[in-house]
Amino acid sequence: MRVRAFWTEDTDPDGVALARAESAGAVDAFGERFGRYPYGELDIVLSPDFAVFGSMEYPGFVLLWTDRDGSGAAHEIAHQWWYGIVGDDEYADPWLDEAFATYAQDLFHGESGQGCWSQVYWPRPDAAITDSMGYWAEPPGPAGWTSVVYRAGSCALHDLERELGTPVMERMLRTYAADHWYGVSTDADFLRAARTAAGRDLTAFWAAHRIEAGPAGSRR
Ligand SMILES: [Zn+2]
């Protein structure tokens, strides 16, 4: 497949080179890990002028805020799988795309999330990874949202990988992606996939990681 890059004149050339290399590497790495990228082409658009929103993903197309240190290419390209190929309700279940894209981005950068759980910042005592955007829209608002959905969520996935073992985690995510390819997944679908791969009940793991699927998770 082709990765085509476009950039504005004011984009740092070193940043362009880094973003292009990371994009090509990420498509290969995630294709191997989650299932082959299906679209034949991925277009990346680079600019230092996206600072106002950062970066943004669309199927087959990502906008990447790019400076001389590169871009968030791995994260945005991971979204090709998590929200794109395996769709989800981004309002009800934001963790199904953001936690998964952050986890994939960590894998690409060789980060295992060891010890990350103890460093998670919980902005509210009752916050759960599976909370909807409705929860985060209520006062005091979205402060701490990225800490819970992106960081705690990806950390829970790293811990799940430690719980299951890497080969089982890899097999589980490939199967989960294949089962929902071009479809829409839910909390319950993912928990079922993990339970099936583990071959045992994971209730205690989900509870310890503030993952509340089903009626409890969609309550708010
Ligand atoms: Zn994201």
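Residues numbered from 1 in each chain as written. Predicted model: local features only at pLDDT ≥ 70, side-chain atom pairs only at ≥ 80, totals over all residues. Heavy atoms only, no water.

Novice: Requested: an account of the overall build of the protein, with residues and values cited.
Specialist: Across its full length, the protein holds 9 helices and 6 strands. Over its C-alpha atoms the protein spans a radius of gyration of 17 Å, differing by no more than 12% from the 17 Å that the globule rule assigns to 220 residues. Along the first, second and third principal axes, the C-alpha atoms of the protein reach 50 × 40 × 30 Å. Out of the 220 residues in the protein, the part that is buried amounts to 50%. (Helix = DSSP H or I, 4+ residues; strand = E, 2+ residues; numbered from the N terminus. Rg over C-alpha atoms; globule rule 2.2 N^0.38 Å. Buried < 20%, exposed > 50% of the residue type's maximum accessible area, 1.4 Å probe, protein only.)

Novice: Account for the sheet that holds strand β1 (residues 2-7), naming residues and giving values.
Specialist: A sheet is described by the order of its strands in space; here 4 strands give the open sequence β1-β2-β4-β3, paired in mixed fashion. Each of the sheet's edge strands pairs with one partner strand only, and the pair in question is β1 and β3 (56-58). Pairs of neighbouring strands in the sheet enclose a mean axial angle of 20°, with direction left out of account. The sheet contact formed by strand β2 (residues 41-47) and strand β4 (residues 61-65) spans 5 bridges and is parallel. Looking at β4, one finds that S47 is bridged to W65. (Pairing = 2+ DSSP bridges. Axes fitted to C-alpha atoms, helices over the stretch in contact; angles between N-to-C directions.)

Novice: So what about the coordination of the zinc ion? Which residues, and what values?
Specialist: Note on the zinc ion: its protein donors are H75 (NE2), H79 (NE2) and E98 (OE). The metal-donor distances range over 2.0 to 2.1 Å. Along the chain, the residues donating to the zinc ion fall in the pattern H-x3-H-x18-E. Of the two residues, H75 sits in helix α2 (residues 73-78) while E98 sits in helix α3 (residues 95-108), which places them 23 residues apart along the sequence. Each member of the pair, H75 together with E98, is buried. (Donors = N, O, S within 2.8 Å, 3.2 Å for Na, K, Ca; no water.)

Novice: Which residues make up the pairing of β2, and what values do they have?
Specialist: Of all 7 residues making up β2, 5 are buried, and the element is well covered by its neighbours. Here β1 pairs with β2 via 6 bridges, running parallel. Following the sheet pairing, F6 is matched in β2 by V45. In terms of handedness, the path from β1 via helix α1 (residues 13-34) over to β2 forms a crossover that is left-handed. (Right-handed = clockwise from strand over helix to strand, strands pointing away.)

Novice: Describe in detail the packing of α3 against helix α5 (residues 145-164), supporting the description with residues and values.
Specialist: Closest axis-to-axis distance for the α3/α5 pair is 8 Å, and the angle between their directions is 65°. Regarding α3 and α5, the two cross each other, and that crossing is right-handed. Between α3 and α5, the contacting residues are W95, E98, A99, F100, T102, Y103, D106 and L107 on the first element and V149, Y150, R151, G153, S154, L157, H158 and E161 on the second. Of the residues that constitute the contact of α3 with α5, the class distribution is 8 nonpolar, 4 polar and 4 charged. (Left-handed = near helix turned anticlockwise from the far one by under 90°. Contact = heavy atoms within 4.5 Å. Nonpolar A, V, L, I, M, F, W, Y, C, P; charged D, E, K, R; others polar.)

Novice: Explain helix α7 (residues 187-198) to me, and be specific about the residues and the numbers.
Specialist: Helical periodicity: at 3.6 residues per turn, an α-helix aligns residues three or four positions apart in one direction. Counted at 1.5 Å a residue, the expected span for α7 with its 12 residues is 16 Å, and the 17 Å between its end C-alpha atoms agrees. Buried within α7 are the following residues: D187, D189, F190, L191, A193 and A194. On its buried face, α7 sits against α3, α5, α6 (166-179), β6 (183-185) and α8 (203-208). Following α7 by one or two positions, G199 has its phi on the positive side, about 75°. (Expected span 1.5 Å × (residues − 1).)

Novice: Give me the lowdown on the nonpolar core, citing residues and values where you can.
Specialist: W95, F100, L160, L173 and F190 are the most contacted members of the largest nonpolar core, which totals 55 residues. The dominant element in this core, judged by the number of residues it contributes, is α5, at 9 residues. When we break this core down by domain, the ones giving at least three residues each are domain 1 (2-78) and domain 2 (87-218). Excluding residues within four positions of it along the chain, L160 makes contact with M169, M172, F190, A194, L202, F205 and W206. (Core = buried A, V, L, I, M, F, W, Y, C linked by side-chain atoms within 4.5 Å. Domains from an automatic or database assignment.)

Novice: Now, about the domain arrangement of the protein: what can you tell me, with residues and values included?
Specialist: Assigned domains within the protein: domain 1 (2-78) and domain 2 (87-218). Computed over C-alpha atoms only, the centres of domain 1 and domain 2 are separated by 24 Å. At the junction of the two partners, domain 1 supplies 16 residues and domain 2 supplies 18 residues. Interface area for domain 1 against domain 2, summed over the two sides, is near 1,300 Å², with a carbon-plus-sulfur share of 63%. On the domain 1 side of the interface with domain 2, the three residues burying the most area are R33, F34 and H75, jointly 54% of the side's total. Counting across the domain 1 and domain 2 interface gives 2 salt bridges. Across the pair E170 and R33 runs a salt bridge whose closest N-O atoms are separated by 3.1 Å. (Buried area = accessible area lost by both parts, 1.4 Å probe. Salt bridge = Lys/Arg side-chain N within 4 Å of Asp/Glu carboxyl O.)

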